[in-house]
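Summary of the model geometry
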Amino acid sequence: MGPGPCPGDRRPLLACSFVLVVVLGQMNFTGDQVLRVLAKNEQQLSLLRDLEDLEPQKVDFWRGPARPSLPVDMRVPSSELRDVKAYLESHGLAYSIMIKDIQVLLDEEREAMTKSRRLERSTSSFSYSSYHTLEEIYSWIDNFVTENSGIVSKIQIGHSFENRSILVLKFSTGGSQRQAIWIDTGIHSREWITHATGIWTANKIVSEYGRDHILTSILNTMDIFMEIVTNPDGFAFTHSMNRLWRKNKSNRPGVSCMGVDLNRNWRSGFGGNGSNDNPCSETYRGPYPHSEPEVAAIVDFITAHRNIKALISIHSYSQMLMYPYGHLLEPVSNQEELNNLAKEAVQALYEVHGIKYVYGSVSTTLYVASGITVDWAYDSGIKYSFSFELRDTGRYGFLLPASQIVPTAQETWLAMRTLMEHTLNHPY
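Attention here is on the structure that accompanies the text. (Residues numbered from 1 in each chain as written. Predicted model: local features only at pLDDT ≥ 70, side-chain atom pairs only at ≥ 80, totals over all residues. Heavy atoms only, no water.)

Thoughts on helix H6 (residues 192-208)
Between the first and last C-alpha of H6 there are 24 Å, a value that for 17 residues agrees with the 24 Å anticipated at 1.5 Å per step. Among the 17 residues that make up H6, 14 are buried, leaving the element largely enclosed by the rest of the structure. Immediately beyond the C-terminal end of H6, within one or two residues, lies Gly210, with a positive phi of roughly 90 degrees. (Helix = DSSP H or I, 4+ residues; strand = E, 2+ residues; numbered from the N terminus. Expected span 1.5 Å × (residues − 1). Buried < 20%, exposed > 50% of the residue type's maximum accessible area, 1.4 Å probe, protein only.)

Okay, structure coming up:
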């Protein structure tokens, strides 16, 4: 996405935005706004969906059109604001401004990171209440593994499209091929709160083992695998050029737009509703299932392991806890068990800071989405497959202030621990 089309050029927006970025450095979003629209019916939702298909793209959906009861959030470049607002008004679509100027939040975020980096360097410490770059996270992983080698190790499960290492932390108290839990964060690169939550959680697991009896009993029986940066190329790109980049960075000959939505690239329901065959779309599914190395690496690892019993995939934002299916409206066979477990986890989360989450299947709670991680996991025999959408509900969206990292991680941990404890106590 970008601030507007190149003057006198009909090439897709992403292509010309990329040229501008190379020259100017970080993309500037001055004057861009996030609008919230509440559609009254399916007809109004259809009018909003029509905005997604425009070439070049005029809006970037942060929360796409799903159902009349759910708000639609979209970033509108400053150059398109007048046209988009006129379109909404002419069709009777009421909107409010959630973020008046995105660049203001980006500047605050960057300033906070600079301050934190300065403090970390002067004290030779790592701040769990700050956002970090890919290099900083990978450096932290190395130090973290070295300092906690008795319980944590690092596994490289593959390489990204741009040949970056794809790393997984393994928490284990011994034994081989034990039953295990898989956790991934950051499959969508702009969802920075997820990486930060993953880092905090990794540290929590190490510090609470031997103290927290629930975690201790889990780790005495099961291993935990955690992939903190599931989309390393996209994440690096959010720091170097486009903070709001969602997809990976793959490109193919003859295709002018870059990247695949890694959470539409899985085999289950691939190519169905809620994914897109347009490479310029934010939900582009890719040419075929598991075409992307970042997805294929996870598929190969989990398939080879053969004993993963729970999968937790962490996204933002919307404050939801969901289970399969995304590509079907029909309930899964253990729907009642998953729903009761989600209810229990959401209650545990609420008791930490009073944050309310909704829960249910992906297709009935959020929207129909095909080719997603949790559907593939469930269809691969992982009975306990869940997806989080972390804070918030739209005030900041993907630009959640760093001051909310620790509270978000604290509450998410209690929900995750609930899911893991149930998995431990219900072997299959």
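A closer look at unusual backbone geometry
For the bond running from Ser316 to Tyr317, omega is 0 degrees, close enough to zero to count as cis. Along the chain, Tyr317 falls in the loop between strand E9 (308-316) and strand E10 (320-323). The peptide bond linking Arg391 to Asp392 adopts the cis configuration, its omega dihedral lying at -5 degrees. Looking at where Asp392 falls in the secondary structure, it is placed in the loop between strand E12 (384-390) and helix H13 (405-425). One non-glycine residue, Ser124, adopts positive backbone phi at about 50 degrees. Take Ser124: it is sitting in the loop between helix H4 (102-123) and helix H5 (134-147).

Quick notes on the sheet that holds strand E7 (residues 180-185)
With respect to topology, eight strands assemble into an open sheet ordered E5-E6-E8-E7-E9-E12-E10-E11, the strand pairing being mixed. The sheet terminates laterally at strand E5 (152-159) and strand E11 (358-361), the two strands that pair on one side only. When the angles between neighbouring strand axes are averaged without regard to direction, this sheet yields 20 degrees. Pairing between strand E6 (residues 165-171) and strand E8 (residues 223-227): three bridges, direction antiparallel. Looking across to E8, one finds that Lys170 is bridged to Phe225. (Pairing = 2+ DSSP bridges. Axes fitted to C-alpha atoms, helices over the stretch in contact; angles between N-to-C directions.)

Regarding the packing of aromatic side chains
Counted under the stated rule, the structure contains 17 aromatic pairs. Seen in terms of ring centroids, Tyr317 and Phe398 are 5.0 Å apart; in terms of plane orientation they differ by 80 degrees. Their pairing is edge-to-face. Here Tyr317 is found in the loop between E9 and E10, whereas its partner Phe398 is found in the loop between E12 and H13, with 81 residues between them in sequence. The pair formed by Tyr317 and Phe398 is uniform in burial state, with each residue classed as buried. The ring centre of Phe270 lies 5.9 Å from the NZ or CZ of Arg285, which sits over that ring. Its end group placed over the ring of Tyr396, Arg395 keeps NZ or CZ at 4.3 Å from the ring centre. (Phe/Tyr/Trp six-rings, centres within 6.5 Å; stacked < 30°, edge-to-face > 60°. Lys NZ or Arg CZ within 6 Å of the ring centre and 35° of its normal.)

Considerations on the pairing of E7
Most of E7 is tucked away: six of the six residues are buried. The alternating pattern of E7 places Ala180, Trp182 and Asp184 and Ile181, Ile183 and Thr185 on opposite faces, both of which are buried. Where E7 lies against E8, five bridges are found, and the strand directions are parallel. Across the sheet, Ile183 pairs through a bridge with Met226, a residue of E8. Here E7 pairs with E9 via six bridges, running parallel. Residue Asp184 lies in a different strand from E9, and its bridge partner there is Ser313.

Some details on the sheet that holds strand E2 (residues 60-63)
Spatially, four strands are ordered E2-E3-E1-E4 in an open sheet, and the strand pairing comes out antiparallel. Edge positions in the sheet fall to E2 and strand E4 (95-99), since each of these pairs with one other strand and no more. Neighbour-to-neighbour, the strand axes of this sheet turn through a mean angle of 35 degrees, independent of strand direction. Pairing geometry for E2 and strand E3 (residues 72-76), over three bridges, is antiparallel. In the sheet register, Phe61 faces E3, and the bridge partner there is Met74. Strands in contact with helix H2 (residues 42-52) are strand E1 (33-37), E2 and E3; relative to E3, the strand with the most contacts, it is inclined by about 30 degrees. (Contact = heavy atoms within 4.5 Å.)

Digging into the nonpolar core
Counting 65 residues, the largest nonpolar core has Tyr131, Leu169, Phe171, Ile224, Phe386 and Phe388 as the members making the most contacts within it. Grouped together as the second largest cluster of nonpolar side chains are 29 residues, Ala180, Ile187, Leu262 and Val299 included. (Core = buried A, V, L, I, M, F, W, Y, C linked by side-chain atoms within 4.5 Å.)

Some points on the layout of surface pockets
Here the largest pocket is characterised by a volume of approximately 870 Å³. Around the largest pocket, the lining is made up of 46 residues, and of these Gly64, Arg264, Gly274, Thr283 and Tyr367 lie nearest the centre. For the lining of the largest pocket, the elements supplying multiple residues, two or more each, are H2, E2, E9, E10, helix H12 (373-379) and E12. For the lining of the largest pocket, a count of residues per class yields 19 nonpolar, 15 polar and 12 charged. Forming the walls of the second largest pocket are 17 residues, and the residues nearest its centre are Ser125, Phe126, Ser139, Trp140 and Asn143. (1 Å grid on protein atoms, 1.4 Å probe; cavity = no way out; pocket = protein on both sides within 12 Å on 5 of 7 lines; lining within 4 Å. Points joined across faces, edges and corners; volume = space filled by probe spheres on them. Nonpolar A, V, L, I, M, F, W, Y, C, P; charged D, E, K, R; others polar.)

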